[in-house]
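# An overview of the molecular structure
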Amino acid sequence: MRDRMNVYFPPELLKQIADLADRKKLSRSAIVEAAVTSFLSPDGEDRREAAFARRLDRLSRQVQRLERDVGLTAETLALFVRFWLTITPPLPNDAQAAAQIKGRERFEGFIETLGRRLQKGQSFLREIPDDIANEKPDDRS
């Protein structure tokens, strides 16, 4: 036996209910009944909380990977700059124009190589094992 109940919904919510009912080939009453049942279900809150926990865990792992990648990128750049500044002697004034031309050529080659690697889906950061980023400096031998 079913009792009748009159409720009022905003027009946009009624449209969403009607659209879902059409897609699922169910009555609007069945859609509303399922929604209310789910809302009143004692384990409904647990399911929602578990879904949020899974999403938060996934986001946490993504943020950890981003932190690792940014840290590795910064360290790589710093190491390269320190090395380059240490070994590169200053150029005499008459050699600077030729060095700038050669530098532009090398940079264009670098950009082309980088573009090819990115098109192939290759990444320097993927070549570095995860456990290296998690080591503490005093752990390395």
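Quick caveat, the model's predicted, so the values are computed rather than measured.

Parameters and conventions
Residues numbered from 1 in each chain as written. Predicted model: local features only at pLDDT ≥ 70, side-chain atom pairs only at ≥ 80, totals over all residues. Heavy atoms only, no water. Helix = DSSP H or I, 4+ residues; strand = E, 2+ residues; numbered from the N terminus. Rg over C-alpha atoms; globule rule 2.2 N^0.38 Å. Buried < 20%, exposed > 50% of the residue type's maximum accessible area, 1.4 Å probe, protein only. Contact = heavy atoms within 4.5 Å. Lys, Arg positive; Asp, Glu negative; His and termini not counted. Charge placed at Lys NZ, Arg CZ, Asp CG, Glu CD. pLDDT = per-residue confidence, 0-100. Patch = residues over 30% accessible without salt bridge, like charges linked within 9 Å, V, L, I, M, F, W, Y side chains within 5 Å. Areas by Shrake-Rupley, 256 points an atom, 1.4 Å probe, with all protein chains shown as cover. Salt bridge = Lys/Arg side-chain N within 4 Å of Asp/Glu carboxyl O.

### Re the overall build of the protein
The secondary structure content of the protein amounts to five helices and zero strands. Ordering the α and β elements of the protein from the N terminus gives α-α-α-α-α. For 141 residues, the compact-globule formula gives about 14 Å, and the C-alpha radius of gyration of the protein, at 30 Å, lies well above that figure. Taken along the three principal axes of its C-alpha coordinates, the protein extends 95 × 40 × 25 Å. In the protein, which comprises 141 residues, the proportion classed as buried is 7%. When contacts within the protein are restricted to residue pairs at least 6 apart in sequence, long-range pairs at least 24 apart make up 40% of them. Looking at charge distribution, the protein has the averaged site of its 25 positive side-chain charges lying 6 Å from that of its 23 negative ones.

### Brief notes about the environment of Ala 53
By the secondary structure assignment, Ala 53 is in helix 3 (residues 44–87). A sequence separation of 64 residues divides Ala 53 from Arg 117, and the C-alpha atoms of the two residues are 36 Å apart.

### With respect to the confidence of the model for the protein
The pLDDT averaged across the protein works out to 87; a share of 91% of its residues lies at or above 70. When the elements of the protein are averaged for pLDDT, helix 5 (residues 130–134) gives the smallest value, 62, and helix 1 (residues 11–24) the largest, 94.

### Observations concerning a positive patch on the surface
A grouping of Arg 54, Arg 55, Arg 58, Arg 61 and Arg 65 is seen on the molecular surface, where their side chains present a positively charged patch. Tracing the backbone shows Arg 54 in helix 3.

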